[in-house]
Amino acid sequence: MGAEQFENYLPALQGKRVALTVNHTSLVGDNQTHLLDTLLALGVNVVAVFAPEHGFRGTADAGETVKGGKDIRTGVSILSLYGNSKKPSASQMQDIDIILFDIQDVGARFYTYISTMHYVMEACAEHGKPMIVLDRPNPCDYVEGPVLQPGYKSFVGMHPVPVLHGCTVGELAGMINGEGWLATGKNSCNLEVIRMQNWKHGEPYSLPVKPSPNLPNDQSVRLYPSLCLFEATQMSIGRGTTFPFQVIGAPDKKYGTFEFKPISLPGFDKNPLHKDKLCYGVDLREAEVEAGFTLDYFLHFYQLSGEKKGFFSRPNWFDLLIGNSTVREDILKGYTEEQIRERWQNELTRYKEMRRNYLLYEE
């Protein structure tokens, strides 16, 4: 991992006031020691930690405001980037000389750790501070889905990339810089990426810890890009169970024979959809799942619902997740997955060509 190659980045930290953008996934070495503890033990002057969605310890629910404070173990200030502000403020940047970013991503455009990385890069560009990205593998290393269209930018989609972008965070940071996607435009971030060793694109990677409360294992990570779209409907994808993003259902027997009941479950979801209601659907925990992105699950349950427009309880949210309004409109027209996929192939081809300019690892 990038974080384990101390010889490549410790010299840049000497005599500097260092801030970390990290969370519970920022682990180092065989002992899986947190990067913050590791750097403090090495005498690095860590003055602040910027915390993304789910918080520094990774326990906050999806969408739950993350509060700042102090880390109980080390006394280092924790500054939230998932509350009133998504970007480090000018006053916070004044007390910092350099920022390290080390968070495990899962490769989906709407997974918000890369949005946090964008805003930290932007703050560094604005205030002339360098940033080092410590790279980690992409466990959903595919290039699939529609590219985000103009007008659909949000915190769950900051960049014109597909649903699965096929980049590590280091490669994506280079792309953000190189394509001029920061609000600072030509004033790019002073960026260095510490590359991994002995990893190449397409190599499977099993996450040692769950990257967020509702992705507890490899199966949930594999299904996440495809099942996240159900968040714009009244279908449960298992929040409030110990197997989120591995089941699909709702309180209606027409959706299947598998039964599950979402409950308030600290560490997963404290207020899930259909809380305390028996749901019926399908169990994908042991299913042979083709990794990547598919609309197959969504189209199947859309057809079972018989509801047409009503199936999309939050149509605007669906459009932000998928990155356009075309897919939803095509679903309503009764298009097949093959027909819908055909519509985004040209933009996907253009993206793949651009992506090659930023790859740091062999394909």
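Residues numbered from 1 in each chain as written. Predicted model: local features only at pLDDT ≥ 70, side-chain atom pairs only at ≥ 80, totals over all residues. Heavy atoms only, no water.

### Considering the nonpolar core
Of all hydrophobic cores here, the largest spans 78 residues; its most connected members are M117 and F230. Tallying contributions element by element places helix α4 (residues 113-127) first for this core, with 8 residues. What F230 contacts, discounting residues up to four positions off in sequence, is M235, I237, I248, Y297, F298, F301 and F311. One finds V18, V22, V46 and I78 within the second-largest nonpolar core, a separate group that totals 23 residues. (Core = buried A, V, L, I, M, F, W, Y, C linked by side-chain atoms within 4.5 Å. Buried < 20%, exposed > 50% of the residue type's maximum accessible area, 1.4 Å probe, protein only. Helix = DSSP H or I, 4+ residues; strand = E, 2+ residues; numbered from the N terminus. Contact = heavy atoms within 4.5 Å.)

### Re the packing of aromatic side chains
Overall, the coordinates contain 21 aromatic pairs when judged by the stated rule. Seen from their ring centres, F110 and Y224 are 5.6 Å apart, and the 75° between their planes marks the pair as edge-to-face. In this pair, F110 sits in the loop between β7 (98-102) and α4 while Y224 sits in helix α6 (residues 218-227), placing the two residues 114 residues apart along the sequence. The exposure classification of F110 matches that of Y224, with both residues buried. The structure contains a cluster of three or more aromatic residues connected by ring pairs, namely F230, Y255, F298, F301, Y302, F311, F312 and F318. Stacked on the ring of F155, the Lys or Arg K86 has its end atom at 5.2 Å from the ring centre. Positioned above the aromatic ring of F243 is the side chain of R285, whose terminal nitrogen or guanidinium carbon lies 4.1 Å from the ring centre. (Phe/Tyr/Trp six-rings, centres within 6.5 Å; stacked < 30°, edge-to-face > 60°. Lys NZ or Arg CZ within 6 Å of the ring centre and 35° of its normal.)

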